[in-house]
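Descriptive structure summary
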Amino acid sequence: MRERIARFMAGRYGNDQLNRAISICSLVLLIASIVLKFKWPYAGMICWYVGLILLVYAYFRMLSRNISARAAENQKFQSFRYSFAVKKQQRAQRASQSKDYKFFKCPKCGVLNRIPRGKGKIEITCPRCGEKFVRKS
């Protein structure tokens, strides 16, 4: 039986991180549809159909023979997930430093500048573009 499955899956894409995320979302929606169908029947029905569509899409991706397209989709998902994690980490770092520093965006290029608190009105020079602007620290 294991050999038959291995022969069937030969040349197919298989499972990846995007498939796992889609499968988890579909299962959450299917469970939510069961809970919601008693209180809000239409919301439960919508969750059910969306969950089923996501589950079918996950199986479509897993059984697909177009490996390059599926790998590109997974790469886009991974880059989105990475950028989201980096932004979350930067916000946490800024929050931990907010006691001692103020953060200002450059009006020209948008880079974030860190200035010590309690210095009064100061002229800030952006390290990237050289733009000068005045802010109260």
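Each remark here, short or long, concerns the structure printed above.
Residues numbered from 1 in each chain as written. Predicted model: local features only at pLDDT ≥ 70, side-chain atom pairs only at ≥ 80, totals over all residues. Heavy atoms only, no water.

**Considering the side chain of asparagine 74**
- Along the chain, the position of asparagine 74 falls in helix H4 (residues 67–97).
- Reaching out from asparagine 74, the side chain makes a polar contact with the side chain of glutamine 17 at a distance of 3.3 Å.
- Apart from the residues lying within four places of it in its own chain, the contact partners of asparagine 74 are Tyr13, Asp16, Gln17, Leu18 and Arg61. (Helix = DSSP H or I, 4+ residues; strand = E, 2+ residues; numbered from the N terminus. Polar contact = N/O pair within 3.5 Å; in protein donor to acceptor, adjacent residues only side chain to side chain. Contact = heavy atoms within 4.5 Å.)

**Overview of the layout of surface pockets**
- One number sums up the size of the largest pocket: a volume of about 260 Å³.
- If you go around the largest pocket, the residues you meet are Lys87, Gln90, Arg91, Gln93, Arg94, Gln97, Phe103, Leu112, Asn113 and Arg114.
- The set of elements that each furnish at least two residues to the lining of the largest pocket consists of H4 and strand E2 (112–116).
- Sorting elements by how many residues they give to the lining of the largest pocket places H4 first, with six residues. (1 Å grid on protein atoms, 1.4 Å probe; cavity = no way out; pocket = protein on both sides within 12 Å on 5 of 7 lines; lining within 4 Å. Points joined across faces, edges and corners; volume = space filled by probe spheres on them.)

**A few points about the packing of aromatic side chains**
- In the structure shown here, the tally under the stated rule is one aromatic pair.
- Here the basic side chain of arginine 12 rests over the ring of phenylalanine 8, its NZ or CZ set 4.3 Å away from the ring centre.
- It is arginine 114 that lies over the ring of tyrosine 101; its NZ or CZ is 4.0 Å from the centre. (Phe/Tyr/Trp six-rings, centres within 6.5 Å; stacked < 30°, edge-to-face > 60°. Lys NZ or Arg CZ within 6 Å of the ring centre and 35° of its normal.)

**Brief notes about the nonpolar core**
- If you look at the biggest cluster of nonpolar residues, it comprises six residues: Phe104, Cys106, Ile115, Ile124, Cys126 and Phe133.
- In this structure phenylalanine 104 touches Val111, Leu112, Asn113, Ile115, Ile124, Phe133, Arg135 and Lys136, once residues within four positions along its chain are discounted. (Core = buried A, V, L, I, M, F, W, Y, C linked by side-chain atoms within 4.5 Å. Buried < 20%, exposed > 50% of the residue type's maximum accessible area, 1.4 Å probe, protein only.)

**A few points about the packing of helix H2 (residues 17–39) against helix H3 (residues 41–63)**
- Orientation of H2 relative to H3, taken along the N-to-C sense of each, is 160 degrees, at an axis distance of 7 Å. As the angle between them shows, H2 and H3 are arranged roughly antiparallel. Between H2 and H3 lies a crossing of left-handed hand.
- Here the residues of the contact of H2 with H3 are counted per class, giving 17 nonpolar, six polar and three charged. (Axes fitted to C-alpha atoms, helices over the stretch in contact; angles between N-to-C directions. Parallel < 35°, antiparallel > 145°, perpendicular 65-115°, else oblique. Left-handed = near helix turned anticlockwise from the far one by under 90°. Nonpolar A, V, L, I, M, F, W, Y, C, P; charged D, E, K, R; others polar.)

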